[in-house]
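Fold and contact review
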There are 2 protein chains.
Amino acid sequence: MPEYKVPLRDIHFVMSEMLDAESHYRSLKGAEDATPEMISAILEEGAKFTERELAPLNQIGDTQGCRFEDGKVFTPEGFKEAYAKYVEGGWPSLAHDPEWGGQGLPESICTAFSEMIGSANWAWGMYQGLSHGAMNTLEAHGTEEQKEVYLTKLVSGEWTGTMCLTEAHCGTDLGLLRTKAEPNGDGSYSISGTKIFISAGDHDMAENIVHIVLARLPDAPAGTKGISLFVVPKFLPDATGAVGEANSLSCGSIEHKMGIHGNATCVMNFDGARGFLIGPPNKGLNCMFTFMNTARLFTAIQGLGHTEWGFQNSLAYARDRLQMRALSGAKNPDAAADPIIVHPAVRNMLLTQKAFAEGGRALVHYCAQLVDQVKQGTSDEVRQEADALLSFLTPIAKAFMTETGFEAANHGLQVFGGHGYISEWGMEQNVRDCRISMLYEGTTQIQALDLLGRKVLGTQGESLKRFSKIVHAFCQEAEADPTVREFVAPLARLNREWGELTTSLGMKAMSNKDEVGAAAQDYVMYSGYVVYAYFWARMAKVAQAKLAESRDDAAFYTAKLRTARFYFERILPRTRTLSETMLSGADNLLALDADHFAF
Amino acid sequence: MPEYKVPLRDIHFVMSEMLDAESHYRSLKGAEDATPEMISAILEEGAKFTERELAPLNQIGDTQGCRFEDGKVFTPEGFKEAYAKYVEGGWPSLAHDPEWGGQGLPESICTAFSEMIGSANWAWGMYQGLSHGAMNTLEAHGTEEQKEVYLTKLVSGEWTGTMCLTEAHCGTDLGLLRTKAEPNGDGSYSISGTKIFISAGDHDMAENIVHIVLARLPDAPAGTKGISLFVVPKFLPDATGAVGEANSLSCGSIEHKMGIHGNATCVMNFDGARGFLIGPPNKGLNCMFTFMNTARLFTAIQGLGHTEWGFQNSLAYARDRLQMRALSGAKNPDAAADPIIVHPAVRNMLLTQKAFAEGGRALVHYCAQLVDQVKQGTSDEVRQEADALLSFLTPIAKAFMTETGFEAANHGLQVFGGHGYISEWGMEQNVRDCRISMLYEGTTQIQALDLLGRKVLGTQGESLKRFSKIVHAFCQEAEADPTVREFVAPLARLNREWGELTTSLGMKAMSNKDEVGAAAQDYVMYSGYVVYAYFWARMAKVAQAKLAESRDDAAFYTAKLRTARFYFERILPRTRTLSETMLSGADNLLALDADHFAF
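In the nomenclature of an unreviewed UniProt entry, chain A corresponds to 3-methylmercaptopropionyl-CoA dehydrogenase from the organism Marinobacterium nitratireducens. Checking UniProt for chain A, the heading Function (unreviewed entry) contains the comment "Involved in the assimilation of dimethylsulphoniopropionate (DMSP), an important compound in the fixation of carbon in marine phytoplankton, by mediating the conversion of 3-(methylthio)propanoyl-CoA (MMPA-CoA) to 3-(methylthio)acryloyl-CoA (MTA-CoA)."

Right, let's talk about the relation of the copies chain B and chain A for a bit. Laying chain B over chain A is done by rotating through 180° and shifting 0.0 Å along the axis; what remains is an RMSD of 0.0 Å. Each copy turns onto its partner about a two-fold axis. A shared interface surface links the copies, since 100% of the contact residues of chain B are contact residues in chain A too.

Turning our attention to the UniProt feature "domain: Acetyl-CoA dehydrogenase-like C-terminal" (unreviewed entry) in chain A. Under the feature "domain: Acetyl-CoA dehydrogenase-like C-terminal" (unreviewed entry), the UniProt entry names residues 469–593 of chain A. Helix makes up 82% of residues 469–593 of chain A and strand 0%, and the two end C-alpha atoms of the span are 43 Å apart.

Turning next to the confidence of the model for chain A. Averaged over all residues, the pLDDT of chain A equals 96, while 100% of them reach at least 70. The ipTM assigned to the predicted complex is 0.97, against a pTM of 0.98.

To continue, consider the interface of chain B and chain A. Taken together, the contact pairs 98 residues of chain B with 98 residues of chain A. Ranking the residues of chain B by area buried against chain A places B:Tyr421, B:Arg570 and B:Phe597 at the top, with a combined share of 11%. If you look at where chain B meets chain A, you find 2 salt bridges. Here A:Arg570 and B:Asp522 are joined by a salt bridge, their closest N and O atoms 3.5 Å apart.

This part takes up the domain arrangement of chain A. Residue and element names in this part refer to chain A. When the domains of chain A are assigned, the result is domain 1 (288–450) and domain 2 (460–592). Computed over C-alpha atoms, the centres of domain 1 and domain 2 are 18 Å apart. In this complex, domain 1 contributes 29 residues to the contact, which on the side of domain 2 involves 28 residues. Here domain 1 meets domain 2 over a buried area of about 2500 Å², counting both sides, of which 76% is carbon and sulfur. Taken as a group, Tyr366, Phe392 and Phe400 account for 24% of the area that domain 1 buries against domain 2, more than any other trio of residues on that side. Counting across the interface, domain 1 meets domain 2 through 3 salt bridges. Residue lysine 560 pairs with glutamate 358 through a salt bridge whose shortest N-O separation is 2.8 Å. Our count for the domain 1 to domain 2 interface comes out at 5 residue pairs in polar contact (both at pLDDT 80 or more). Mapped onto the side of domain 1 that touches domain 2, the elements with two or more residues apiece are α10 (344–376), α11 (380–415) and α13 (444–456). In the side of domain 1 that touches domain 2, the residues fall into 17 nonpolar, 7 polar and 5 charged.

To continue, consider empty space enclosed by the protein. To find the voids left in a structure, one rolls a probe of water-molecule size over its atoms. A complete count under the given rule lists 8 cavities of 30 Å³ or more for this structure. Looking at the largest cavity, its volume works out to about 1600 Å³. Taken together, 47 residues line the largest cavity, and the ones lying closest to its centre are A:Glu407, A:Tyr529, A:Arg574, B:Glu407 and B:Arg574. The class makeup of the residues in the lining of the largest cavity is 15 nonpolar, 20 polar and 12 charged.

Attention now moves to helix α6 (residues 107–141) of chain A. Note that an α-helix has 3.6 residues per turn; residues three or four places apart therefore point the same way. The end-to-end C-alpha separation of α6(A) is 18 Å, well short of the 51 Å expected for 35 residues at 1.5 Å each. By the criterion of burial, α6(A) is predominantly enclosed, with 32 of the 35 residues buried.

Residue and element names in this part refer to chain A. This structure, assessed with the given rule, holds 62 salt bridges over all chains. The partner of arginine 361 in a salt bridge is glutamate 115, with the nearest N and O atoms 2.7 Å apart. You can see arginine 361 sitting in helix α10 and its partner glutamate 115 sitting in helix α6, a full 246 residues away along the chain. A residue is classified by how much of its surface remains accessible, and arginine 361, at 1% relative accessible area, is buried. Here glutamate 462 and lysine 465 are joined by a salt bridge, their closest N and O atoms 3.6 Å apart. In this pair, glutamate 462 and lysine 465 are both assigned in helix α14 (residues 462–478), 3 residues apart and thus about one turn of the helix distant.

Analysis parameters
- Residues numbered from 1 in each chain as written.
- Chains lettered and ligands numbered in written order.
- Predicted model: local features only at pLDDT ≥ 70, side-chain atom pairs only at ≥ 80, totals over all residues.
- Heavy atoms only, no water.
- UniProt positions renumbered as here; feature names shortened; annotations may be inferred.
- Least-squares fit on C-alpha atoms with pLDDT ≥ 70 in both.
- Contact = heavy atoms within 4.5 Å.
- Helix = DSSP H or I, 4+ residues; strand = E, 2+ residues; numbered from the N terminus.
- pLDDT = per-residue confidence, 0-100.
- Buried area = accessible area lost by both parts, 1.4 Å probe.
- Salt bridge = Lys/Arg side-chain N within 4 Å of Asp/Glu carboxyl O.
- Domains from an automatic or database assignment.
- Polar contact = N/O pair within 3.5 Å; in protein donor to acceptor, adjacent residues only side chain to side chain.
- Nonpolar A, V, L, I, M, F, W, Y, C, P; charged D, E, K, R; others polar.
- 1 Å grid on protein atoms, 1.4 Å probe; cavity = no way out; pocket = protein on both sides within 12 Å on 5 of 7 lines; lining within 4 Å.
- Points joined across faces, edges and corners; volume = space filled by probe spheres on them.
- Expected span 1.5 Å × (residues − 1).
- Buried < 20%, exposed > 50% of the residue type's maximum accessible area, 1.4 Å probe, protein only.

As structure tokens, this is what we get:
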């Protein structure tokens, strides 16, 4: 039976020792409650909740899946009860505005909790994840009345939310969407159309579901400039705000899919359902994009969750499973064979998972602090700077953490040999569940275009320079310290190369825009490796400093240093390939006629 | 609904145009029947059978899976009927000895057919694949009587076979196995023990199942030197050779697993089952290893099958699905969007699949010709040379083709965006089915050790030199041709570097044997990329020659050249990372204490 234990020690390392959460929270407006004691208490309670209530349901969720009967969705055994405890514990309201019942804590505390939820049981976690999406939308763009009616219920967790974007013929290309919104004349709209891939679109965990729906007004211009945003509840609230009559919408079916079986992926039919405009007409996409960073970071956390889960379980197996002897001689001579953790190949798979998990955790928490600054920074400058940095790092985090998360989940499976393929060990579920993360919230390819085309070249490289300067400053400061030179020197080289590669690509793109698409995926992965190198170098520096200070926790800090070395020597050389392929030009992709791919 | 069409044109290119099958068959002993007409006829019939009978059952097999009821296994709808047609068509006997009812055709014809079966429906294909394993074992090591009784029934397809190796506590490390064989005093043995992961261990497709079982005699030495091989039928043949009384063995359960649901993975309980020794006592592992190359090549073909299947279906989708505009301007201005094949990122995924499929096909058929030479070569020298080359190439083919097969299957899924995650499209099944190929028949890590430790360093580099010389000879001959210089020059460089890297690793291994384990996986993947580069350069040369000769099929040959360029510019640079990481030393893997991976 697979298990999950929250890596509290490492979360503490990242949040407090590397990112100095205490100073960070003091620098924010209205984060007085986020004291170190408060944060510790929340993280410890979060660990108990996720380990005890969610992790044991992960395999059940996969095996049972959701059922669709008589137009209703039933979640797997225990999901509903766990949700009730989540509401009871006040977890939905953590980072929301006290005006609507929230606890007003900084978003970054939620991030740590999201990692725990995501590692313990991602399919369950999506029900509350989508609710936060709906909450963020209403918080940013809803009217006072909409907040009163819907947001308070979402913040309390009594109701849950969804995001209804995709239609059968359009996922990436939302400009093609057809769902219609006709004014009813009383300020409400009549919404008609079919949405697909609606995660948590129906379920039995809450009494009402608040759908945030993209649709077109009658006079809307074609394409992305004619899309508006609506709140469309499953049950219309009555005058007291309680659940009233059923709206004209229904779940048509649920998808059979590779993984995340515990989460219902619904076809949602809106048949003249009553909805209410959120934000200005035809500005729906802009409204959606205001919290896109948060949604994408949440998906990046999925990559981290599957990495951590697979790492923990494959580590336990590698210590336990006896098979063959170490090539350099028996390490466990009293038994018939050595534990497989003696084999370099197994260690390579474990260390890759570990390096990705801890590197990812560092990036995610760094981004989470930026989210805090965007929301609660004390000056426009701080807020804008944080927003710009976050916009740059988000596609990297989303693409890189989900791609490496899938790689890591596969290493976890591989450590088990043939047993990894058998369902009872849970490793194959981890791979299947993880696979969706590279597809939704914008595929890896879309993130790549967003990074290189929009964020980097679209700002004439400004966004990259902003981050590169931070890396450069770190390198300059750390350069003098011989104990971290092995990390700082290659990091400084790559930081320069990153800029040079960007310049070269910018030149190419001027003569052929397809060069952007041809290079983007290599570029986003390259960027990910460099960003992790920055965090691994920072973590190594903290570890060295701690070791110099005292012998407390020396094993932990030594492990950090050795993992950093592993990252620099075994993972970072992947940039050698990417720097070459990204410059190889669009022609090797475009020359082949579309009709001549197969004969 | 996913579809599969046998790539006959490309199979013809590889077999006839690149590898000159006609001369090859003429060079063999007793391959007179393998005329070009005969081969074409077999391939075309094979295409019909696999496209019409097997491909339509692939999704059914996944959805229904095998059922285990009252100790019996029932295969998915249609599997049994397809097997009957397979037997009726004489397919099982293709390459077996006429003395036992075979058609005596060279093995390489089976290879082409295996690709078709494997692409169309791998789970179904395993039933006959395991039978071939049992047939090869009996053919090589069985007594005349065992051949008469068992082999003839296997060759006709009336009975099927299995290979019973793994036990719960030992997969890779067969030295630990515990199944016992006690002599009954009448020449037979009483076999007791439990085997797991027995593919096709029970089913409803044939009237009898012939198990080849590894077990220990009472006085056997410990470890791998005390293992013997037995034939243990499900039903004991009566005096006429027909199915007689049931043997004391049973299927205990079937595994729930990630994929290949249509194939039954059985726990097999032997409770004093009657068995008969094959080959000398305590030489069971040696007997098994005689056909290990064939079994591993069959698994390499699985990588090819999933690559081809995923390529075909994602190509169809990429031509059909309209989404977004090309960055360089609309390509399909009359419709609302361009087909996604216009996007460089999508082409990158398609071309990667294509390059892996066609490169893998070339390698597999090259190896198949070596198998022919081992079996039917006209001199000891030819046979030994072929065997040595095959031993070197087999772990590369197995590891590299399954690793890249899984990568390719994932690209296929990714082309579909979110739809790839939905079961009905079949792309996620392709990924799940493919995943086992890196685990069974020796994991990638085991292949890697076999290549670097046993095959290369264990022969002081002789095996590598043997292949390198072939590559070198090709480069020297092709060097003069300016039309293929872009391929030949980098190939020659890599061929040299391959030798240099091997020397460096050999030096390191002399002081620390763990250096072998630490470098092996990078080494096997590096080797794979260079081997494919050799075949891509050869294919490019053939294509250039054909284009110079006439304009017939010019589009086909031009596509070959463009794919070769894609391979060299976008895939081959992966060697830049591997050449660096494989030399990074064992210390970055071994330094971390086994107790300090997590805190």
